[in-house]
Amino acid sequence: MRKSGNSHLLCFILFLFFLQIQTTLLGQGRRPVRVKNGMVVSTSRYASEIGKQVLTDGGNAIDAAVATAFALAVTWPSAGNLGGGGFLVYHRSDGDVTTFDFREKAPLVATERMFLSEDGKIRNASNHEGILAVGVPGTVAGLYAAHKKYGNTNWKKLVEPAYKLAKKGFPLTWGLHDGFKYHKDDWLQYPSSTKIFLKPDSSLYQPGERWVQRDHAATLKRIMKKGRDGFYKGKTADLIMDYMQKHNGLITHEDLEKYQPVEREPVHGTYRDFDIYAMGPPSSGGVVLAEMLNILEGYDLAAMGHNSAKYLHFITEAMRRAYADRARYLGDPDFSTDMPLAKLLSKEYAAYLRTTISETEASISDSITFNDVYESPETTHFSVIDASGNMVSLTYTLEYPYGSRMIVEGAGFLLNNEMGDFNPMPGTTDSRGYIGTEPNLIEPEKRMLSSMTPTIVAKNGIPIMAVGSPGGRTIINTVLQVVLNVLEFDMNIAKAVEAPRIHHQWLPDVTRMEDWGFSPDTQRLYKDYGHNLKIRWRQGAVMGIYKNTEEDIIYGASDSRSSDGAAVGY
Ligand code: GLY
């Protein structure tokens, strides 16, 4: 009996691997995947398949999102996680919209200047490197809370597929192989990570070889049986504590037990006759996105032409202004109670900002010159729609690719390095590229400001599009451009996620432009406005769903900037 169960599983895994090769060959490009009933689009085909299976078994979008998130922790560990945090936006087909904030928190003993040495400088990049960079994880609590309130499938059934994949292993993809190889020196720094990401002789797993994660499976089993307590209490919590004590970390049992996710109102904006629902603080994503859309609504963008120099000029000016407000005002709402959100989201404020934008010349962000400080390009997003038309847009992260790169010994999962998203040097906004504004300074139990922008677009109360992306601060601009590509330029979702994009974040006063799709003429005309331009490799990796409610067809696309992504539906 057991043998035949195993061989079925192996066949299934080989089938998934075959499908993945098929997708790599056929799935990229500008034609979306089309289905009638439900779909999951994520950075890992294994995870998308697991989410889709939950949908076909009758689960709703929240159930599928929970199963996909646990699967991604196993199959896309550079950002999928148990030891990180994130945000979920849920738009039900009946018109109700809500969000879950499961962002990591600063430990109880954290202090405003904890990363600074006596000369006021950051000690050895400690806000991003090493054990002090670890925030109190929120993912398991967040998924548990969302499921408890809105799920309708047994919890065990949602964690089990991830548990089985970790226990039995799965053929390593090229994308995972590349990541493990790139970070080989990181694994060698931490014995607990060496054991997971390298073979016993320290060589690399090759594409197609089975990668097994036994300790991770054991942790998932505890979560499967005990829900959130399987992570925040008992053996998993003890293993985290052992690791903290061994490495002089700050997180305590009290931190873990006290951690609570929060169900929050979404940020609501409009663009023409579309409703935009996204994540509010402690993510800056929703506010900055809505502010930019409000500014841009006042221009005839379609007439300018997609990615024309003129269009790029106007979106840059919107980015510059909204990102300045991000730095000035936004932080954890449980601490910064005086954020002027109503003003930032108002059409009147956008109209005023438009009066400060020249049709012919770039503005100057500030007299201060910043070096390039960008948040890491890792994080992962997925989108879900179920047979009733409920949509989930979920982005979660460990911050850097593979977070702190530290696997909790015996527990098999990675810890985040999210403390790096706080402003590390109070009052210091200087040429080294730091922002030291007050709302995002470190305080015990505070959530660090994020740029994650899980977004749902609705029309007449019906959710029609779910999108999001990795990419640190670039995320918000990536989502902006994909939303405009669909709503303003009428692109299908695949074309919209593929189209080349740009990023400006107020400071440094420079525009990053992807290295394809912008002609030398466009670049020259854009620079003629006075914009500073740098070329970059790629920006983000959008996982998007669009539902055409008239045709009653669901379209999905995984961005070809992601190596392993897949849109899977039925
Ligand atoms: N760690 C990336 C973000 O939260 O925006």
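Residues numbered from 1 in each chain as written. Predicted model: local features only at pLDDT ≥ 70, side-chain atom pairs only at ≥ 80, totals over all residues. Heavy atoms only, no water.

Caption draft 1: Broad picture of the overall build of the chain. In terms of helices and strands, the chain carries 20 helices and 19 strands. Here the chain has a C-alpha radius of gyration of 22 Å; the compact-globule value for 570 residues is 25 Å, and the two agree. Expressed as lengths along the three principal axes of its C-alpha atoms, the size of the chain is roughly 70 × 65 × 40 Å. Relative to its full complement of 570 residues, the chain shows a buried share of 63%. Considering only contacts in the chain between residues 6 or more positions apart, those separated by 24 or more positions represent 73%. Carbon and sulfur atoms provide 50% of the accessible area of the chain, an area that totals close to 21200 Å². Of the side-chain charges in the chain, 62 are positive and 65 negative, and the distance between the mean point of each set is 7 Å. (Helix = DSSP H or I, 4+ residues; strand = E, 2+ residues; numbered from the N terminus. Rg over C-alpha atoms; globule rule 2.2 N^0.38 Å. Buried < 20%, exposed > 50% of the residue type's maximum accessible area, 1.4 Å probe, protein only. Contact = heavy atoms within 4.5 Å. Areas by Shrake-Rupley, 256 points an atom, 1.4 Å probe, with all protein chains shown as cover. Lys, Arg positive; Asp, Glu negative; His and termini not counted. Charge placed at Lys NZ, Arg CZ, Asp CG, Glu CD.)

Caption draft 2: Structural detail: the site of the ligand. Contacts to the ligand come from eight residues, most closely from E399, E418, D421, S450 and S451. One of the side-chain nitrogen or oxygen atoms of R103 is found 2.9 Å away from an oxygen atom of the ligand. Here the ligand loses 100% of its free accessible area of 200 Å² to cover by the protein chains. When grouped by side-chain class, the residues that make up the shell around the ligand number one nonpolar, two polar and five charged. (Near = heavy atom within 4 Å. Polar contact = N/O pair within 3.5 Å; in protein donor to acceptor, adjacent residues only side chain to side chain. Nonpolar A, V, L, I, M, F, W, Y, C, P; charged D, E, K, R; others polar.)

Caption draft 3: Structural detail: the sheet that holds strand β3 (residues 85–91). Spatially, the seven strands line up as an open sheet ordered β7-β4-β3-β11-β10-β2-β19, and their pairing is antiparallel. The strands lining the two open edges of the sheet, one partner per strand, are β7 (262–264) and β19 (566–569). Sheet twist, expressed as the mean angle between neighbouring strand axes with direction ignored, is 15°. Pairing of β3 with strand β4 (residues 97–102) involves six bridges; the strand directions are antiparallel. Across the sheet, H91 pairs through a bridge with V97, a residue of β4. Against the sheet, helix α2 (residues 45–56) engages β2 (39–42), β10 (380–385) and β19, with an angle of about 160° to β2. Along the sheet, helix α3 (residues 61–75) contacts β2, β3, β10 and β11 (391–397); its crossing angle with β10, the most-contacted strand, is approximately 150°. (Pairing = 2+ DSSP bridges. Axes fitted to C-alpha atoms, helices over the stretch in contact; angles between N-to-C directions.)

Caption draft 4: Just the sheet that holds strand β13 (residues 462–467), in detail. The strand order β1-β18-β17-β13-β12-β9-β8 describes an open sheet built from seven strands, whose pairing is antiparallel. Where the open sheet ends on each side, the last strands, each with one partner, are β1 (33–35) and β8 (267–271). Between one strand axis and the next, the sheet turns through 25° on average, direction left out of account. Where strand β9 (residues 274–278) lies against strand β12 (residues 455–459), four bridges are found, and the strand directions are antiparallel. Note on β12: the bridge partner recorded for I276 is V457. Here helix α13 (residues 285–296) sits on the sheet in contact with β8, β9 and β12, set at roughly 20° to β8.

Caption draft 5: Main features of the nonpolar core. Among the nonpolar cores identified, the biggest contains 88 residues, and M292, L296, L301, V483 and L484 are the most heavily contacted of them. The element that contributes the greatest number of residues to this core is helix α15 (residues 309–329), accounting for twelve residues. Ignoring anything within four residues of it in the chain, the contact list for L296 reads Y271, L301, F314, I315, A318, L480 and L484. (Core = buried A, V, L, I, M, F, W, Y, C linked by side-chain atoms within 4.5 Å.)

Caption draft 6: Representation of the confidence of the model for the chain within the structure. On average, the chain scores 93 in pLDDT, and the residues at 70 or more come to 92%. Contacts for the low-pLDDT stretch residues 1–5, under 50 throughout, to residues beyond four places or in other chains number zero contacts. Residue range residues 367–374 is modelled with pLDDT below 50. Its contacts to residues more than four positions away, or to other chains, number 30 contacts. (pLDDT = per-residue confidence, 0-100.)

Caption draft 7: Seen up close, the environment of K167. Mapped onto the elements, K167 comes out in helix α5 (residues 155–168). With 51 residues separating them in the primary sequence, K167 and A218 have C-alpha atoms 8.0 Å apart.

Caption draft 8: Structural detail: helix α9 (residues 214–226). The end-to-end C-alpha distance of α9, which contains 13 residues, comes to 18 Å, matching closely the 18 Å that a straight helix rising 1.5 Å per residue would cover. Of the residues making up α9, those classed as buried are H216, A217, T219, L220, R222, I223 and M224. Considering only its buried residues, α9 is in contact with α3, α4 (139–150), α5, α10 (229–232) and α11 (234–246). Backbone geometry just after α9 places G227 at a positive phi near 65°. (Expected span 1.5 Å × (residues − 1).)

Caption draft 9: Summary view of the packing of aromatic side chains. Overall, the coordinates contain 20 aromatic pairs when judged by the stated rule. Ring geometry for W187 versus F197: centroids 3.9 Å apart, planes at 20°, classification stacked. Note that W187 is positioned in helix α7 (residues 184–189) and F197 in helix α8 (residues 191–197), a separation of ten residues in sequence. Considered together, W187 and F197 belong to a single accessibility category, that of buried residues. A centroid spacing of 6.4 Å and a plane angle of 85° characterise the contact between F382 and Y396, whose relative ring orientation is edge-to-face. (Phe/Tyr/Trp six-rings, centres within 6.5 Å; stacked < 30°, edge-to-face > 60°.)

Caption draft 10: Seen up close, the pairing of β3. The buried fraction of β3 amounts to seven of the seven residues, a majority that puts the element mostly inside the structure. Here β3 shows no split at all, with G85, F87, V89 and H91 on one side and G86, L88 and Y90 on the other all buried. Pairing of β3 with β11, which is carried by seven bridges, proceeds in the antiparallel orientation. Note that in β11 the partner of V89 across the bridge is S393. Counted along the chain from β3 to the antiparallel partner β4, the turn is five residues long, and its residue G95 has a positive phi close to 105°.

Caption draft 11: Structural view of the side chain of E317. Mapping E317 onto the fold places it in helix α15. If sequence neighbours within four positions are ignored, E317 has contacts with I357, A362, S363 and H531.

Caption draft 12: Representation of the packing of α3 against α4 within the structure. Remark: α3 packs on α4, axes separated minimally by 9 Å, with the N-to-C direction vectors making an angle of 160°. Relative to α4, the element α3 is oriented roughly antiparallel. The two elements α3 and α4 cross, and the hand of that crossing is left-handed. Where α3 approaches α4, its residues I62, D63, V66, A69 and F70 are matched on the opposing element by V140, L143, A146, H147 and Y150. Residue composition of the contact of α3 with α4, by class: eight nonpolar, one polar and one charged. (Parallel < 35°, antiparallel > 145°, perpendicular 65-115°, else oblique. Left-handed = near helix turned anticlockwise from the far one by under 90°.)

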